[in-house]
Amino acid sequence: METQKRMEAEKDATSLAKYRGPGALSRQLYERASRVMPGGNTRHSVALAPYPIYARSGSGCRITDVEGEERVDFLNNYTSLILGHAHPQVTWAVQCRAALGTAFTMPTPEEVELAELLTTRVDYVEQIRFCNSGSEAVMLAIKAARAFTGRPKIAKFEGAYHGLYDYAEVSEGPTPDAWGEADAPNSITEPGTPESVARDVVVLPWNRLEICRKLIEQNKDDLAAVLVDPMPLGIGMIAPRAGFLSFLREETARHGIVLIADEVLNFRLHYHGAYHIHSIKPDLATFGKIIGGGFPVGAVGGSRRVMSVFDHTGALKVHHGGTFNANPVTIAAGLETMQQMTPEAFDRLNHLGEYARDGLRRLFRDTRRSAQVCGAGSMFVAHLAAEELIDFRSLRGFSRTNPIYGELCHKMLECGFILSPRGIFGCLSTPMSEAELDGLVGALGRALSDPHIRTWNGGENASS
Ligand SMILES: Cc1ncc(COP(=O)(O)O)c(C=O)c1O
């Protein structure tokens, strides 16, 4: 046992040695990148101090970095690669499609096929339109809701991330000094966004039903939409309390407000869509990530009635252009991926997710650590916290700017696992088996028992 532990520790220590060394290729690439890209990256979510690990290739559930080290990938390009990397059939579909041409000022048959597949699977999506990112999908859904209702405002949850559109970004990660009252959260715009945007965004506290009722009631005549991710990662994947989502459905329906389901991330929860789990039919839903099979994608869909705002053959209200919308390569990859994701494939992956969450709970119990495991389906988030987790404010340290998880992330990289540097967050891909999940839990145990790892509840390991 002791020998095994020592061998594991030695292996861990060597796996980041090249990355940390003076001649590291990642370091060199980052130095070059920093000269030509502000902050050395083109997407803040890949930032890692002191510099990111550059990827060379991926296969199945593993990524090989430019130094030649292989690790198990629990990020899957932030949940988008549900089949893992370079799935042979997706690769083949992309190669075949690319050889036939990659972009036309004409629609292609594949987009009809993917639209049919999604509208058949998701019963609250009668019609759908494709775009190139989840952010665009959310923007289009909000514009559609405004055009449909003739009202200007939207409501969204404090801490919830919905991409880059000005209105969706409001209060996605406010600091405690800016929060405002618990029953009337401030609307905080991101730098670069006019403050006037805040006037049109009502910020709701997750899971606080009565406060939500009051805020929706106060703004009902101006509210075009309530935007809801059913398991928001920005709020630590704290599950909605029983009845909370159906309350939002009833309240929005009562006031003629469009309920927008943001399923960009959470579509991976269920074959029939995340809201199907709750037996709720939103008016509009946004998609992205997995439906593009590893390529840039977004989609907005919903009831025929609301989607009619995009119909140029009728009373067009929302213009929707986009040079690469429904580009055939993305669509071919998405179609192949969705076809691979049968109900059985979703079930298997979700069972593995439960296995991972159970393993994490056991780890925390056995090491007598105050922690809570959130997430659902094929995703997990572990919070090193004892207090009850209800809403964004109850999370305290789980934020996009908290550097503490960076240390843990480095330790996990040493152990051969890729997790988020912003929290103990990860997601699964179909090439994984219980072996990778056991490995992850074992590595997290080793990482958390490292005395150099500070955790956010007190600066020390809470292990007793
Ligand atoms: C819930 C949710 N909505 C929207 C987005 C934005 O998607 P994209 O990064 O494709 O613009 C994300 C991205 O992580 C997301 O998680």
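Before reading on, note that the structure itself is shown above.
Below is a short write-up of the structure. (Residues numbered from 1 in each chain as written. Predicted model: local features only at pLDDT ≥ 70, side-chain atom pairs only at ≥ 80, totals over all residues. Heavy atoms only, no water.)

Notes on the sheet that holds strand β12 (residues 298-302)
So the rule is basically this: Any two strands between which DSSP finds at least two bridges are classified as paired. Strands are runs of DSSP state E lasting at least 2 residues, helices are runs of H or I lasting at least 4, and numbering of each runs from the N terminus. Working convention: axes come from line fits to C-alpha atoms, limited for helices to the stretch in contact. Angles between N-to-C directions cover 0 to 180 degrees.
Taking strand neighbours across the sheet as the criterion, the 7 strands line up as β4-β12-β11-β10-β9-β5-β8 in an open arrangement whose pairing is mixed. The open sheet is flanked by β4 (127-131) and β8 (201-204), the only strands paired with a single partner. Between one strand axis and the next, the sheet turns by 20° as a mean value, whatever way the strands run. Pairing of strand β10 (residues 258-262) with strand β11 (residues 284-288), which is carried by 3 bridges, proceeds in the parallel orientation. Of the residues in β11, the one forming a bridge with Ala261 is Ala285.

Things to note about the packing of helix α14 (residues 343-366) against helix α16 (residues 434-448)
For clarity, the threshold we go by: Geometric relationships in this document are graded by angle, where less than 35 degrees denotes roughly parallel, more than 145 denotes roughly antiparallel, 65 to 115 denotes roughly perpendicular, and other angles denote oblique. Each helix crossing is assigned a hand: it is left-handed if the near helix lies turned anticlockwise from the far helix by less than a right angle, otherwise right-handed if that turn is clockwise. By definition in these notes, contact holds between two residues if any of their heavy atoms fall within 4.5 Å. Think of it as three bins: nonpolar holds Ala, Val, Leu, Ile, Met, Phe, Trp, Tyr, Cys and Pro, charged holds Asp, Glu, Lys and Arg, and polar takes everything else, Gly as well.
Interaxial distance between α14 and α16 falls to 10 Å at its minimum, and their mutual angle equals 25°. Our classification of the angle between α14 and α16 gives roughly parallel. Here α14 and α16 pass one another in a crossing that is right-handed. Residue-level contacts link Leu352, Tyr355, Ala356, Gly359, Leu360, Leu363 and Phe364 of α14 to Glu434, Leu437, Asp438, Val441, Leu444, Gly445 and Leu448 of α16. Counted by class, the contact of α14 with α16 contains 10 nonpolar, 2 polar and 2 charged residues.

As for the packing of helix α10 (residues 209-219) against helix α11 (residues 244-254)
Remark: α10 packs on α11, axes separated minimally by 11 Å, with the N-to-C direction vectors making an angle of 15°. Relative to α11, the element α10 lies roughly parallel. Crossing angle aside, the handedness with which α10 passes α11 is right-handed. Together, Leu209, Cys212, Arg213, Ile216 and Glu217 of α10 and Phe244, Phe247, Leu248, Glu251 and Arg254 of α11 make up the contact between the two elements. Here the contact of α10 with α11 is composed, by residue class, of 6 nonpolar, no polar and 4 charged.

As for the site of the ligand
To keep it simple, the criterion reads: Neighbouring residues are identified by heavy atoms, a residue being near a molecule or strand if any of them is within 4 Å of it. Between N or O atoms, a polar contact is any pair within 3.5 Å; within protein, one atom must be a potential hydrogen donor and the other a potential acceptor, and residues adjacent in sequence are included only when both atoms are from side chains. Here the open area of atoms and residues is found with the Shrake-Rupley method and a 1.4 Å probe, where only the protein chains shown may cover a residue.
Lining the immediate surroundings of the ligand are Ser133, Gly134, Ser135, Tyr161, His162, Gly163, Asp229, Asp262, Val264, Leu265 and Lys289. Gly134 places a main-chain nitrogen or oxygen 2.8 Å from an oxygen atom of the ligand. The side chain of Asp262 places a nitrogen or oxygen atom 2.7 Å from a nitrogen atom of the ligand. Isolated, the ligand exposes 390 Å² of accessible area, and the fraction of that covered by the protein chains is 80%. A class-by-class count of the residues in the shell around the ligand yields 3 nonpolar, 5 polar and 3 charged.

Notes on the packing of aromatic side chains
Heads up, the rule is: Whether two aromatic rings pair depends on their centres lying within 6.5 Å, for rings of Phe, Tyr and Trp, where Trp uses its six-membered ring; planes under 30 degrees apart make the pair stacked, over 60 edge-to-face, and the rest tilted. Ring-over charges, as used throughout, are those where CZ of Arg or NZ of Lys falls within 6 Å of the ring centre and within 35 degrees of the ring normal.
Throughout the structure, instances matching the rule amount to 14 aromatic pairs. Relative to Phe346, the ring of Tyr271 has its centre 6.2 Å away and its plane inclined at 80°; by these criteria the two rings are edge-to-face. A residue pair is termed long-range when its members are at least 10 positions apart, and Tyr271 in the loop between β10 and β11 and Phe346 in helix α14 qualify at 75 residues. Each member of the aromatic cluster is reached from another via a ring pair, and the members are Phe157, Trp206, Phe244 and Phe247. Above the plane of the ring of Tyr167 lies Arg146, whose end atom (NZ or CZ) is 4.4 Å from the centre.

Let's talk about the sheet that holds strand β2 (residues 62-65)
Pairing within the open sheet is mixed, and its 4 strands lie in the order β1-β2-β3-β15. Because the sheet does not close on itself, it has two edges, and the strands there are β1 (55-59) and β15 (417-418). With 4 bridges joining them, β1 and β2 adopt antiparallel strand pairing. Bridge assignment links Ser57 to a residue of β2, and that residue is Thr64.

Observations concerning the environment of Gly21
What counts is decided by this rule: Burial classes follow relative accessibility: with a 1.4 Å probe on protein chains only, a residue under 20% of its type's maximum area counts as buried, one over 50% as exposed, and anything between as partly exposed.
Looking at the element boundaries, Gly21 is found in the loop between α2 (17-20) and α3 (25-36). Residue classification places Gly21 among the buried residues on the basis of a relative accessible area of 15%. A sequence separation of 239 residues divides Gly21 from Ile260, and the C-alpha atoms of the two residues are 48 Å apart. If we skip the residues at most four places from it in the chain, Gly21 touches Arg27 and Tyr51.

Thoughts on the side chain of Glu169
The residue Glu169 is located in helix α8 (residues 166-169) in this model. Excluding its chain neighbours within four sequence positions, the residues that come into contact with Glu169 are Lys156, Gly163, Leu164, Ile188, Glu190 and Thr193.

Concerning unusual backbone geometry
Across the junction of Ala49 and Pro50, the peptide omega takes the value 0°, indicating a cis bond. Tracing the backbone shows Pro50 in the loop between α3 and β1. The backbone of Asn207 shows a phi angle near 70°, a positive value even though the residue is not glycine. Here Asn207 shows up in the loop between β8 and α10. The exposure class assigned to Asn207 is buried, which follows from its relative accessible area of 5%.

Concerning the pairing of strand β3 (residues 70-73)
Relative to β3, β2 runs antiparallel, the two sharing 3 bridges. Residue pairing for β3: Arg62 is matched across the bridge by Val72. Between β2 and β3, which follow one another and run antiparallel, lie 4 residues, and Gly68 among them has a positive phi close to 95°. Bridge count for β3 against β15 is 2 bridges, and the pairing is parallel. Across the sheet, the residue bridging to Val72 is Phe417, located in β15.

Brief notes about the nonpolar core
The cut-off we apply is this: By convention a nonpolar core is built from buried Ala, Val, Leu, Ile, Met, Phe, Trp, Tyr and Cys residues, the set being connected through side-chain atoms within 4.5 Å.
In this structure, Phe74, Phe130, Phe157 and Ile291 are the most contacted members of the largest nonpolar core, which totals 111 residues. Among the elements that line this core, the one with the most residues is α14, at 8 residues. Non-local contacts of Phe74, meaning those with residues more than four positions away in its chain, are made with Phe380, Phe417, Ile418, Leu419, Gly426, Cys427, Leu428, Met432, Glu436, Leu437 and Leu440. Among the nonpolar cores identified, the runner-up in size contains 28 residues, and Tyr165, Ala225, Ile260 and Met307 belong to it.

Remarks on the environment of Leu413
Residue placement: Leu413 occurs in helix α15 (residues 404-414). A relative accessible area of 5% places Leu413 in the buried class. Remark: the alpha-carbon pair of Leu413 and Ala333, spanning 80 residues in sequence, is separated by 29 Å. Leave out the neighbours within four places in its chain, and Leu413 touches Ser15, Leu16, Leu48, Ile53, Arg71 and Ile418.

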